[in-house]
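Take a look at the letters that make up each chain.
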Number of protein chains: 4
Amino acid sequence: MTIHTDALRDHAVLIVHGPDQPGLVAAITTLITRNEANIVSLDQYSTDPAGGDFFQRVVFHRPDLTAAFADIEKDLTETLTPYGVHWRLTDQSIPKRMAILASTSDHCLLELLWRHRRGELPVTIPMVISNHTNVADDVRSFGIPFFHVPSQGPDKAAAETEILRLLEGNVDFVVLARYMQIISEDFLDQVHVPVINIHHSFLPAFIGAGPYKKAKERGVKLIGATSHYVTKDLDEGPIIEQDVARVDHSMTASDLQARGAYVERAVLSRAVQWHAQDRVIQTGNHTIVFP
Amino acid sequence: MTIHTDALRDHAVLIVHGPDQPGLVAAITTLITRNEANIVSLDQYSTDPAGGDFFQRVVFHRPDLTAAFADIEKDLTETLTPYGVHWRLTDQSIPKRMAILASTSDHCLLELLWRHRRGELPVTIPMVISNHTNVADDVRSFGIPFFHVPSQGPDKAAAETEILRLLEGNVDFVVLARYMQIISEDFLDQVHVPVINIHHSFLPAFIGAGPYKKAKERGVKLIGATSHYVTKDLDEGPIIEQDVARVDHSMTASDLQARGAYVERAVLSRAVQWHAQDRVIQTGNHTIVFP
Amino acid sequence: MTIHTDALRDHAVLIVHGPDQPGLVAAITTLITRNEANIVSLDQYSTDPAGGDFFQRVVFHRPDLTAAFADIEKDLTETLTPYGVHWRLTDQSIPKRMAILASTSDHCLLELLWRHRRGELPVTIPMVISNHTNVADDVRSFGIPFFHVPSQGPDKAAAETEILRLLEGNVDFVVLARYMQIISEDFLDQVHVPVINIHHSFLPAFIGAGPYKKAKERGVKLIGATSHYVTKDLDEGPIIEQDVARVDHSMTASDLQARGAYVERAVLSRAVQWHAQDRVIQTGNHTIVFP
Amino acid sequence: MTIHTDALRDHAVLIVHGPDQPGLVAAITTLITRNEANIVSLDQYSTDPAGGDFFQRVVFHRPDLTAAFADIEKDLTETLTPYGVHWRLTDQSIPKRMAILASTSDHCLLELLWRHRRGELPVTIPMVISNHTNVADDVRSFGIPFFHVPSQGPDKAAAETEILRLLEGNVDFVVLARYMQIISEDFLDQVHVPVINIHHSFLPAFIGAGPYKKAKERGVKLIGATSHYVTKDLDEGPIIEQDVARVDHSMTASDLQARGAYVERAVLSRAVQWHAQDRVIQTGNHTIVFP
């Protein structure tokens, strides 16, 4: 849905997860009320109301939120510590800072830049980094800084180091918009922010390189795309969103790739939007995605 | 999702709607906690947190719900009266009683009977009424009583009176599963339970009779079906669910009808399931459908 | 689309496949014309017009088709032999004979029986065979013979032998409608007719047993079903049709299974209909499916 | 599917429509063979093989097509005149010239420009005309000429005259990419090329202005978009393509509009691609769209 930044002023998102237990929801909603805030929306999920894991997302409106923020955090600490749950509170009027890493393909990259310009992604984009230069002009035409970090040659570690230096302290999450380089474990250890990828298949089908070629060889009747958080296990991270498109026997692997591009850009855009809106909670190798 | 009646024991659904106001959510969740119940799920929607309309559905689990039910209702009355909101509390282990009215078509009817037998609809079906007899054997093979109430002739009022006599006191809602008779205003005044219809078009396109013929004439590329609550304005009641299917130039009106039957049975089944699970709230000519 | 058996009288389907070459289409269409037939529809696909593989499906109408059938076959032999292509001609008014093998699940089985009764599957169903008895009454209520062939015990070969004995000479293809027994290579060697299966995942994801449990563990956001011809490589046969449904984090493996049942019955029904209408051509491990 | 202009060299599309009759298909395919061409694909549709309307699209490959083009046209005239059918032959390597008319919205416009740059639309774009200037820079960044023709004021005829002057002789079809001006009958009389529009609703629902507002008021659960040829009857022209997206009660009319933009750009892009590839045949108020 369209994000009007003005409409997000004085709105906070509270994410709570931990062991489910009686009274937890009442404790949270009472806390919100006594901090003079109005609940705008509330979603929750419990793997089992008796002894399972509890996940909750509450959006509330509180006039002069900035002034009250520290007090609400203090109240949350005091109120929720006895329950042994994790929580985080974010001010919705402060957009997350998103870096995009890309290679030569422009379809996912331009879709994100364009949705951002339309005001549909509640983020700022401090930089786009690519190991190629062909997208530089397009990126800059959106008023976004572009950095070229080549990745060829034996020492890919140097490229990663350069990227980490650009990202450090400047971003809240990273999006791999068809970035065609394997991310090392070292990079993931040092990046300290979530990394979201788009894989060009309906995972777990066609893991690894060349999924459209593999899809053609297997003769599937649908192709797909999967957006997931990046972990050290390639193509195995927690899935945020997936979708598919119908194909037929007459399409070549190249046709599948062209058709798939439209699925990829839509799936990645939704995943990015949901992450930026604090709708996604990682739990083990899964995600909870609140609507 | 599958409904296991056992799993619904000691579960209640609380529906609240009325003017939104600070503290309302906290009041409700605190009430649930002090009545020794655990919140299983909670969904809410507000047209505007400041002065808008508030809608909430809470599912909670309370051991020995039956014994505590009257006390919880008393507490709700005392707690919520100051807020000026409407509420209703239902025991999820008591299935709603659903009557089905049908004519000669069997696709919506059999789908409902079959989903009910699979345990996917939390209802009992005390009767199927038809103005034809061709579906009688099928209905009875599911162990459901079948009543034939012919509707031809000048005096349709007599048929309606007979149907009302069968329904009275025996059902909680009525489903028109391609019942091809216009329901009179008198009938709606006297039935005193919600009536759910399936219309064989993507409303508001192709209102009235013969929608597949009209769809063929207009040359649409998708056909649809719409399930809605029946009101005195034909085909104008609050929409619960809609869906579509792709068609092409080569299909005749009869082909569209055959393809559309699959959309109709799916759309009606979802609408019935959601109604039976107290997921649907009517407001004006709209519905709020909680997932 | 609805199949009206009457409408298929005097209609033939000609399937041609082999090396593509100039003049082939003209030779075929001219042959049809000189045999006093009208082309009703014509679909073709070529992997490469210069030296690729050619696939064609022509439906034509010829008054008194039965009387002319042998002459047309003779003309086809003489005309097409020089081109080195395979062809088969079928009289559309003669429905294929379809056997269904099932276990305890009824959703795919009943969907096929019901679509058949509606006149939407151009087949006869001489028998349903199950290794369980729970579906017997339902099957017989459709007027279809039911045979119980238990498969437990060490000697599964005996059960397969019994099934082969029932099928032999009586059927043109076999449908495994969630038949939960592994089919042996011996069975496939001896059955001499195509066997169509429905796998309860979006192949090649989740090959083997327990796909819904695996889907829950992987945390996918869509589940699927795949209908394919059975080959000696389990779950690796040529795919005829696939589809998916959206799921979310709140659904258990059992919920996925319940939701998936609706995808399975739709996918299998489409695959069966297309096979019965001679719309599917196997080529290597792929299928060509003409619309 | 991706269009590689190189791949279209020496390819022609033949469209034939008229009264169906025996021998017509054979006459056409024989003609193609005797002109030393290979049939690449062939689709046809007949409203009734006995006396109905016949529609055919044949793609064929003929080395040195340009040199042979006039001879093939002459052969077509001689061969098909006795059948009384219409036909047109187009050289696929000559892209159609497409003008785009836009207003302030950029989503349909940029999608077309971007797909064109990717090589997915077999057209040239000699101009974009808008009654506003906000999209000028974006258009020119794609290397496409932009013309500003203001349309406010009492004399809209002057603006139309100016647009007609720009189009005359320069374009093969016109696309209204959310051009928010009513096209006059005079304009349609004088433009002499097909005009394709995108309407922001699932026609015939919500004809006229403000469809998203009307959709919100009616409480529909799906919104849609429709691409059609423009005729003198507003929103009543032959439909080329339609699609829908799911919405829910929580979305405002503005949210519906934002969601709908993605349906609009996809539907219009498909319609434009199919028109540019000569896949669409108008017949009365319908279209035949060959896959």
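Residues numbered from 1 in each chain as written. Chains lettered and ligands numbered in written order. Predicted model: local features only at pLDDT ≥ 70, side-chain atom pairs only at ≥ 80, totals over all residues. Heavy atoms only, no water.

(A) Highlighting the interface of chain A and chain B. Each partner contributes to the interface: chain A provides 16 residues, whereas chain B provides 16 residues. The junction of chain A with chain B conceals about 1500 Å² of combined surface from both sides, 55% of it contributed by carbon and sulfur atoms. It is A:Asn38, A:Gln44 and A:Pro49 in chain A that bury the most area against chain B; as a group they hold 31% of the surface buried on that side. Where chain A touches chain B, the interface holds two residue pairs in polar contact (both at pLDDT 80 or more). Counting only elements with at least two residues in the side of chain A that touches chain B, the list comes to helix H1 (24-34) and strand S2 (38-46) of chain A. In terms of residue count, S2(A) provides more of the side of chain A that touches chain B than any other element does, seven residues in total. Across the side of chain A that touches chain B, the residue classes tally to seven nonpolar, eight polar and one charged. (Contact = heavy atoms within 4.5 Å. Buried area = accessible area lost by both parts, 1.4 Å probe. Polar contact = N/O pair within 3.5 Å; in protein donor to acceptor, adjacent residues only side chain to side chain. Helix = DSSP H or I, 4+ residues; strand = E, 2+ residues; numbered from the N terminus. Nonpolar A, V, L, I, M, F, W, Y, C, P; charged D, E, K, R; others polar.)

(B) Broad picture of the sheet that holds strand S9 (residues 195-199) of chain A. All names here are of chain A. Pairing is mixed in the open sheet, where seven strands are placed in the order S7-S6-S5-S8-S9-S10-S11. Edge positions in the open sheet fall to strand S7 (146-148) and strand S11 (239-246), since each of these has one partner strand only. Strand-to-strand, the axes of this sheet are offset by a mean angle of 20°, without reference to chain direction. Note: strand S5 (residues 96-102) against strand S6 (residues 123-130), six bridges, orientation parallel. (Pairing = 2+ DSSP bridges. Axes fitted to C-alpha atoms, helices over the stretch in contact; angles between N-to-C directions.)

(C) Geometry of helix H5 (residues 156-167) of chain B. Residue and element names in this part refer to chain B. With twelve residues, H5 extends 17 Å between its outermost C-alpha atoms, agreeing within 8% with the 16 Å of an ideal straight helix rising 1.5 Å per residue. Looking only at H5, the buried set comprises Ala 159, Glu 160, Ile 163, Leu 164, Leu 166 and Leu 167. Axial view of H5: buried residues confined to an arc of 160°, hence all on one face. Opposite the buried face of H5, by more than 90 degrees, sit the exposed residues Thr 161 and Arg 165. Buried residues in H5 make contact with strand S5 (96-102), strand S6 (123-130), strand S7 (146-148), strand S8 (173-177) and helix H6 (185-191). A positive phi of about 80° marks Gly 169, the residue just after H5. (Expected span 1.5 Å × (residues − 1). Buried < 20%, exposed > 50% of the residue type's maximum accessible area, 1.4 Å probe, protein only. Arc of directions from axis to C-beta.)

(D) The packing of helix H3 (residues 107-117) of chain A against helix H3 (residues 107-117) of chain D, seen in detail. Relative orientation of the contacting elements H3(A) and H3(D) amounts to 165°, with a least axis distance of 13 Å. By the angle class used here, H3(A) and H3(D) are roughly antiparallel. The handedness of the crossing between H3(A) and H3(D) is right-handed. Facing A:His107, A:Leu110, A:Trp114 and A:Arg117 of H3(A), the residues of H3(D) in contact are D:His107, D:Leu110, D:Trp114 and D:Arg117. When grouped by side-chain class, the residues that make up the contact of H3(A) with H3(D) number four nonpolar, two polar and two charged. (Parallel < 35°, antiparallel > 145°, perpendicular 65-115°, else oblique. Left-handed = near helix turned anticlockwise from the far one by under 90°.)

(E) Just the pairing of strand S3 (residues 53-61) of chain D, in detail. Residues and elements named next belong to chain D. Among the nine residues that make up S3, seven are buried, leaving the element largely enclosed by the rest of the structure. Where strand S1 (residues 11-19) lies against S3, nine bridges are found, and the strand directions are antiparallel. In the strand pairing of S3, His 17 is matched with Phe 55. Relative to S3, strand S2 (residues 38-46) runs antiparallel, the two sharing eight bridges. Among the inter-strand pairings, Ser 41 is bridged to a residue of S3, identified as Val 59. Hairpin connection, S2 to S3: the antiparallel pair is bridged by six residues, and Gly 51 has positive phi, about 85°.

(F) Examining the interface of chain C and chain A more closely. Each side of the interface is counted separately: chain C has 32 residues, and chain A has 32 residues. Of the roughly 2600 Å² buried between chain C and chain A on both sides combined, carbon and sulfur atoms contribute 56%. At the boundary of chain C with chain A, the tally comes to six salt bridges. Residues C:Asp243 and A:Arg246 are paired through a salt bridge, measuring 3.7 Å at the closest nitrogen-oxygen approach. Taken together, the links from chain C to chain A amount to 22 residue pairs in polar contact (both at pLDDT 80 or more). Those elements that provide at least two residues to the side of chain C that touches chain A are helix H7 (211-218), strand S11 (239-246) and strand S13 (286-289) of chain C. In terms of residue class, the side of chain C that touches chain A is made up of 14 nonpolar, eight polar and ten charged. (Salt bridge = Lys/Arg side-chain N within 4 Å of Asp/Glu carboxyl O.)

(G) Layout of the relation of the copies chain A and chain B. Aligned on chain B, chain A shows an RMSD of 0.0 Å; the corresponding rotation is 180° and the shift along the axis is 0.0 Å. This pairing of chains is accounted for by a two-fold axis. Of the interface residues in chain A, 100% have counterparts in chain B that sit at the interface too, so the contact is made through matching surfaces. (Least-squares fit on C-alpha atoms with pLDDT ≥ 70 in both.)

(H) The arrangement of the pairing of S5(A) in detail. Residues and elements named next belong to chain A. Burial within S5 is extensive, with six of its seven residues counted as buried. Once you follow S5 into H3 and on to S6, the crossover reads as right-handed. Here S5 pairs with strand S8 (residues 173-177) via five bridges, running parallel. Its bridge partner lying in S8, Ala 99 is registered against Val 174. (Right-handed = clockwise from strand over helix to strand, strands pointing away.)

(I) The confidence of the model for chain A, seen in detail. For chain A, the mean per-residue pLDDT works out to 95, and 98% of the residues sit at or above 70. Interface confidence in the predicted complex, given as ipTM, is 0.94; pTM for the same model is 0.96. (pLDDT = per-residue confidence, 0-100.)

(J) Main features of unusual backbone geometry. In the segment running from B:Leu203 into B:Pro204, the intervening peptide bond is cis, with an omega of 10°. Counting through the fold element by element, B:Pro204 comes out in the loop between strand S9 (195-199) and helix H7 (211-218).

(K) Highlighting the relation of the copies chain C and chain A. Its rotation angle being 180°, the transformation that places chain C on chain A also includes 0.0 Å of axial translation and leaves an RMSD of 0.0 Å. Most of the interface of chain C is mirrored in chain A, where 100% of its interface residues again form contacts.

(L) Structural context of the pattern of salt bridges. Summed over all chains, the structure comprises 88 salt bridges over all chains. Across the pair B:Glu111 and C:Arg265 runs a salt bridge whose closest N-O atoms are separated by 2.5 Å. Of the two residues, B:Glu111 sits in helix H3 (residues 107-117) while C:Arg265 sits in helix H8 (residues 253-276), which places them in two different chains. As far as the burial class goes, B:Glu111 and C:Arg265 line up, both buried. One connected set of salt bridges, linked through shared partners, spans A:Glu111, A:Arg115, A:Arg265, D:Glu111, D:Arg115 and D:Arg265.

(M) Local environment of the domain arrangement of chain A. Residue and element names in this part refer to chain A. Under the domain assignment used here, chain A contains domain 1 (5-91) and domain 2 (96-289). Relative to domain 2, the C-alpha centre of domain 1 lies at a distance of 31 Å. Across the contact, nine residues belong to domain 1 and seven residues belong to domain 2. In total, about 730 Å² of surface goes out of reach between domain 1 and domain 2, with carbon and sulfur atoms giving 60% of it. Contact with domain 2 buries area across many residues of domain 1, yet Phe 55, Arg 57 and Arg 88 alone supply 56% of it, more than any other trio. For the pair domain 1 and domain 2, the number of links is one salt bridge. Two residues, Arg 88 and Asp 278, come together in a salt bridge whose shortest N-O distance is 3.4 Å. Counting every contact that joins domain 1 to domain 2 gives four residue pairs in polar contact (both at pLDDT 80 or more). (Domains from an automatic or database assignment.)

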